[in-house]
Amino acid sequence: MAMTENMGTSPVEMKVSDEVAISIQGMNKWYGTFHVLRDIDLTVYEGERIVICGPSGSGKSTLIRCINALEEHQAGSITVDGTLLSSDLKNIDKIRSEVGMCFQHFNLFPHLTILENCTLAPIWVRKTPKKEAEETAMHFLTKVKIPDQANKYPGQLSGGQQQRVAIARSLCMKPRIMLFDEPTSALDPEMIKEVLDTMIALAEEGMTMLCVTHEMGFARQVANRVIFMDAGQIVEQNEPEEFFNNPKSDRTQLFLSQILGH
Amino acid sequence: MSDTQQHSVAFVRTEAIPEREPPYTASGPLKWMKDNLFATPFNGILTIVAVYLIYMILSSALPWMLNGIWTTSSLAECRTVLDGAVGACFSVLTERWNQLLFGFKYPSELYWRPGLAFMLLFVAIAPVLFFDLPRKLLIFTGLYPFIAYYLVWGGAIGVPLVALAGCVAGAVFYQSFVARNFALGFLGGVIAAFVTWYIGGLFIPDGANNTAWMRAVPSRDLGGFMLNMMLGVTCVSLSLPLGIALALGRQSSMPLIKVICVVFIEFIRGVPLITLLFVASVMLAYFFPPDSTVDLFLRVVIMITVFSAAYIAEVIRGGLAALPKGQYEGADSLGLDYAQATRLIILPQALKISIPGIVNVAVGLFKDTTLVSVISMFDLVGMIRGPILASTAWNGVYWELLGFAAVLFFVVCYGISQYSQWLERRLATDHR
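Residues numbered from 1 in each chain as written. Chains lettered and ligands numbered in written order. Predicted model: local features only at pLDDT ≥ 70, side-chain atom pairs only at ≥ 80, totals over all residues. Heavy atoms only, no water.

Visitor: Please explain the environment of B:Leu276 as it appears in this structure.
Guide: Residue and element names in this part refer to chain B. Mapped onto the fold, Leu276 is located in helix H12 (residues 273-283). The class for Leu276 is buried, based on a relative accessible area of 6%. Spatially, the C-alpha atoms of Leu276 and Leu222 are 21 Å apart, while their sequence positions differ by 54 residues. Setting aside its immediate chain neighbours within four residues, Leu276 contacts Ile268, Val271, Met303 and Phe307. (Helix = DSSP H or I, 4+ residues; strand = E, 2+ residues; numbered from the N terminus. Buried < 20%, exposed > 50% of the residue type's maximum accessible area, 1.4 Å probe, protein only. Contact = heavy atoms within 4.5 Å.)

Structure follows, in structure tokens:
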């Protein structure tokens, strides 16, 4: 299937510091009476690259959406970069400007050009001068290899290009942490690679990343840690080699056999 | 076929086939007529019937129009000139031209004032309608309401100046405090404006209108198509921001604001405009402080604005609902706050989707300004129904007068519609 092994690059060396980037303690979330996330404890260190996988409905997207307060949690605490996530809007906007996010459906702004998509938040949130913001934007657009599309509109780009623009748009805010919510799930198989390549390049620069993805090749190659979730709980977490070759829990074994067994 | 190898299966063309003329039935007027007018027998019958109907209408309307009389001074005189022949009596338009445009009480030596205000209107709305024009022109747009007020109503120059000063004070206060707290900036701005108006009002002496350089014209002297234009332009430009605010309020997560907006919208939409206009002319005075003589024009503007704002709010709510949730999340995830996300991401897209609906309301509103004739304001229709048709000279001239009114309204409404289509094409960025 859409595996990305043998990309020609060696597995990224581990660069994990002792600095805590995200600390989640005893976090619980309910949708109405439905208990989506149960007693989540998770510490992410600066520079760590974590892949979260699990069957659909297991709460993995909800978990990372809680980190930048797109979803509200009802119990426990989330601390991002030393800022405790509370209902204070100032706190939330501060965290959101430090945490970049890429969505399954890109969520680019269709009424703005690619360049305007990338400069909007730096100009309005960071108060960067327009010229400087445009230079930064072009720098990151070059990095994701689409500088020539800067003056087009999102609707004129392919899915893979749009997702790379979305990554560049997040990077323009110079985030310390990047969240990826199934970034390749809405893409054609041949476009998946270009997006994964961009994410691998990002990982190699030491960005702290949390990815919800089913790309197990990506997980093997880039992740320091793989987390398996089921029914709103963290069932297993381990280094990728151990996780894939020697899963401990039955649920993980079943899941891996289903997604890798063909 | 001599140059192809006929006896083998493989085929190689060694000589290109030269271009030939198409058969004459494949293009040209005959082909067009066959495709578009006589494709099937039924289509042919429809074509013939349609042509016959057009002929019927034109054969009676054209002589009537072309044979029109433009120079007589009464209907009787007009009939004498026509001497039994078919012909329109357009002289009512030429003779009552000023009344049709300005009403019958506006001082005729002051017609240049509303005329100038009308010319300046184009300068003022140009940068709003065509956003490629230099943004500096918007300064004039901001000043235009005060200039137009002074031109049309005249009177003491202090009134528009104080009104302008109040708006500037409010805007300055809002600008300097909105960064700290939106509610503080907004409410403070409103209070600053009212304080300025109150203090400024003290400086305008009583009776300043009588000694003013520009002669004062009271609202009851306004009339004709000028009144329709004034009501239409004022109400459209006021009801759009109010409608946006109501639509956003209806989506608000604050229950109190939401309830207020829902009740307001549903109540206003559930009441006929004519009722609201009667309320404006008769009952609205009860809502203002005693002895305050709030102008009838202002009361009518409030009612029409409120009425169309409720409709525009619902149209924009449709646009907001059509936006995918991802747009809100995309804006949120970048750290934009509510005001920024709404202004930069949500509204530009929602308004673009709502353009046809908003234009629908605007065109409807403009035509509904003729309803003020019912509360004895002499707008274009009021003038026709009242002073002109009631006069002995022109009693009985219906087609010419109402046709003229129809043409004036059609020109404006068609213009609005064409502009909106241009705007939609100009803003289309998604499917290029």
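Visitor: How should I be thinking about the packing of aromatic side chains in this particular structure?
Guide: Think of a pair of aromatic rings as described by two things: how far the centres are apart, and how the planes are tilted against each other in angle. The full count for this structure, using the stated rule, is 22 aromatic pairs over all chains. With 5.2 Å between their ring centres and 90 degrees between their planes, A:Phe243 and A:Phe244 make a pair best called edge-to-face. In this structure, A:Phe243 and A:Phe244 share a single accessibility class: buried. Arranged with centres 5.8 Å apart and planes meeting at 65 degrees, the rings of B:Trp64 and B:Phe90 form a pair that is edge-to-face. Taken together, the residues B:Trp64 in helix H2 (residues 41-66) and B:Phe90 in the loop between helix H3 (75-82) and helix H4 (91-95) connect sequence positions 26 residues apart. Ring pairs connect the aromatic residues B:Trp64, B:Trp70 and B:Phe90, which therefore count as one cluster. Looking at A:Arg169, its charged tip hangs above the ring of A:Phe109, at a distance of 4.5 Å from the centre. (Phe/Tyr/Trp six-rings, centres within 6.5 Å; stacked < 30°, edge-to-face > 60°. Lys NZ or Arg CZ within 6 Å of the ring centre and 35° of its normal.)

Visitor: Got a minute to help me understand the interface of chain A and chain B in this structure?
Guide: Quite often, the size of an interface is put as the accessible area lost when its parts meet. Listed per partner, the contact involves 26 residues of chain A and 22 residues of chain B. Taken over both partners, the interface formed by chain A and chain B buries close to 2100 Å², and the fraction arising from carbon and sulfur atoms is 59%. Three residues stand out in chain A for area buried against chain B, namely A:Phe109, A:His111 and A:Trp124, and they jointly supply 27% of the buried area on that side. Taken together, chain A and chain B are joined by 2 salt bridges. Between A:Arg96 and B:Asp332 there is a salt bridge, with its nearest N and O atoms 4.0 Å apart. On the surface where chain A and chain B come into contact, there are 6 residue pairs in polar contact (both at pLDDT 80 or more). Among the elements of the structure, helix H2 (89-98), strand S6 (99-102) and helix H3 (114-124) of chain A are those that each provide at least two residues to the side of chain A that touches chain B. (Buried area = accessible area lost by both parts, 1.4 Å probe. Salt bridge = Lys/Arg side-chain N within 4 Å of Asp/Glu carboxyl O. Polar contact = N/O pair within 3.5 Å; in protein donor to acceptor, adjacent residues only side chain to side chain.)

Visitor: Even after reading the chapter, I still don't get the state of the cysteines, so can you show me in this structure?
Guide: Each disulfide is one covalent bond, formed between the sulfur atoms of two cysteines. As enumerated under the stated definition, the model contains 1 disulfide over all chains in all. A sulfur-sulfur distance of 2.2 Å marks the disulfide that ties B:Cys78 to B:Cys89. Taken as a pair, B:Cys78 in helix H3 and B:Cys89 in the loop between H3 and H4 lie far apart in primary sequence, 11 residues in all. Here B:Cys78 matches B:Cys89 in class, with each residue buried. Unpaired in this structure, A:Cys211 has its nearest cysteine sulfur neighbour in A:Cys102, at a distance of 9.2 Å. The buried category is assigned to A:Cys211, whose relative accessible area is 2%. (Disulfide = S-S within 2.5 Å.)

Visitor: Sorry if this is basic, but what is going on with the domain arrangement of chain B here?
Guide: Parsing chain B into structural domains produces domain 1 (1-66) and domain 2 (71-106 + 224-432). The gap between the C-alpha centroids of domain 1 of chain B and domain 2 of chain B is 46 Å. (Domains from an automatic or database assignment.)

Visitor: Sorry if this is basic, but what is going on with the sheet that holds strand S9 (residues 225-230) of chain A here?
Guide: Sheets are built from strands that pair by backbone hydrogen bonding, the pairs being arranged parallel or antiparallel. All names here are of chain A. Taken in spatial order, the 6 strands of this open sheet run S6-S7-S8-S3-S9-S10, and their pairing is mixed. Where the open sheet ends on each side, the last strands, each with one partner, are S6 and strand S10 (233-238). Each neighbouring strand pair of the sheet contributes to a mean axis angle of 20 degrees, computed without reference to strand direction. Here 5 bridges tie strand S7 (residues 177-181) to strand S8 (residues 208-212), and the two strands are oriented parallel to one another. Each bridged residue has a counterpart across the sheet, and for Asp181 the counterpart in S8 is Val212. Running at roughly 65 degrees to S6, H2 makes contact with S6 and S7 of the sheet. Most of the contacts of helix H9 (residues 250-260) go to S9, to which it runs at about 100 degrees, and overall it touches strand S3 (49-53), S9 and S10. (Pairing = 2+ DSSP bridges. Axes fitted to C-alpha atoms, helices over the stretch in contact; angles between N-to-C directions.)

Visitor: I keep staring at the sheet that holds strand S4 (residues 75-80) of chain A and nothing clicks. Help me out?
Guide: Residue and element names in this part refer to chain A. In space, the 4 strands of this open sheet follow the order S2-S1-S4-S5, with antiparallel pairing throughout. Of all strands in the sheet, those with a lone pairing partner are strand S2 (34-45) and strand S5 (83-84), marking the two edges. Here S4 runs beside S5; their pairing, made up of 2 bridges, is antiparallel. Bridged to Val80 within S5 is Thr83.

Visitor: Explanation requested: the packing of helix H10 (residues 224-250) of chain B against helix H17 (residues 399-427) of chain B in the structure shown.
Guide: How two helices pack is summed up by the angle between their axes together with the distance between the axes. Residues and elements named next belong to chain B. In the contact formed by H10 and H17, the axes pass within 12 Å of each other and the chain directions differ by 25 degrees. The angle between H10 and H17 places the two elements in the roughly parallel class. Note on packing geometry: the crossing formed by H10 with H17 is right-handed. Contacts between H10 and H17 involve Phe225, Asn228 and Met229 from the former and Leu408, Phe409 and Val412 from the latter. Taken together, the residues that form the contact of H10 with H17 break down as 5 nonpolar, 1 polar and no charged. (Parallel < 35°, antiparallel > 145°, perpendicular 65-115°, else oblique. Left-handed = near helix turned anticlockwise from the far one by under 90°. Nonpolar A, V, L, I, M, F, W, Y, C, P; charged D, E, K, R; others polar.)

Visitor: Sorry if this is basic, but what is going on with H17(B) here?
Guide: Residue pairs spaced three or four apart in an α-helix point in one direction, given the helix's 3.6 residues per turn. Counted at 1.5 Å a residue, the expected span for H17(B) with its 29 residues is 42 Å, and the 41 Å between its end C-alpha atoms agrees. Those residues of H17(B) that sit buried are B:Glu400, B:Leu401, B:Phe404, B:Ala405, B:Leu408, B:Phe409, B:Cys413, B:Tyr419, B:Ser420 and B:Leu423. (Expected span 1.5 Å × (residues − 1).)

Visitor: So what exactly am I meant to see when it comes to the nonpolar core here?
Guide: Across soluble globular proteins, nonpolar side chains have a tendency to be buried as a group. In terms of nonpolar packing, the biggest core is built from 99 residues, with B:Tyr106, B:Leu222, B:Ile345 and B:Leu401 touching the most fellow members. When neighbours within four sequence positions are excluded, B:Ile345 is seen to be in contact with A:Phe109, A:His111, A:Leu112, A:Leu120, B:Gln327, B:Ala331, B:Leu336 and B:Gln340. (Core = buried A, V, L, I, M, F, W, Y, C linked by side-chain atoms within 4.5 Å.)

Visitor: Mind showing me how you'd approach the pattern of salt bridges here?
Guide: Side chains carrying opposite charge are able to pair once their charged atoms draw close together. Counted by the stated rule, this structure contains 23 salt bridges over all chains. Close ionic contact of A:Lys130 with A:Glu134 constitutes a salt bridge, the shortest N to O distance being 3.6 Å. Here A:Lys130 and its partner A:Glu134 are both found in helix H4 (residues 130-143), 4 residues apart, which amounts to about one turn of the helix. The class of A:Glu134 is partly exposed, set by a relative accessible area of 27%. Across the pair B:Asp132 and B:Arg426 runs a salt bridge, and its minimum N-O distance is 2.7 Å. Here the residue B:Asp132 occupies a position in the loop between helix H6 (112-129) and helix H7 (138-153), and B:Arg426 occupies one in helix H17, the gap between them amounting to 294 residues. Residue classification places B:Arg426 among the partly exposed residues on the basis of a relative accessible area of 35%. Look at the salt bridges and you will find they share partners, linking B:Arg250, B:Glu266, B:Arg269, B:Glu314 and B:Arg317 into a network.

Visitor: Whenever I open this one, the side chain of A:Arg169 confuses me. Can you help?
Guide: Position of A:Arg169 among the secondary structure elements: in helix H5 (residues 159-171). Although A:Arg169 lies buried, it forms no salt bridge, and the closest oppositely charged side chain, B:Glu329, sits 9.6 Å away as judged by the N-O distance. Ignoring anything within four residues of it in the chain, the contact list for A:Arg169 reads A:Phe106, A:Asn107, A:Leu108, A:Phe109, A:Asn117, A:Cys118, B:Gly330 and B:Leu334. (Lys, Arg positive; Asp, Glu negative; His and termini not counted.)

Visitor: Help me understand the confidence of the model for chain A, please; the structure alone is not making it clear to me.
Guide: When pLDDT is low, close inspection of the predicted coordinates is not appropriate. For chain A, the mean per-residue pLDDT works out to 85, and 93% of the residues sit at or above 70. Counting interchain partners and residues more than four positions distant, the pLDDT-below-50 stretch residues 1-15 of chain A has 35 contacts. (pLDDT = per-residue confidence, 0-100.)

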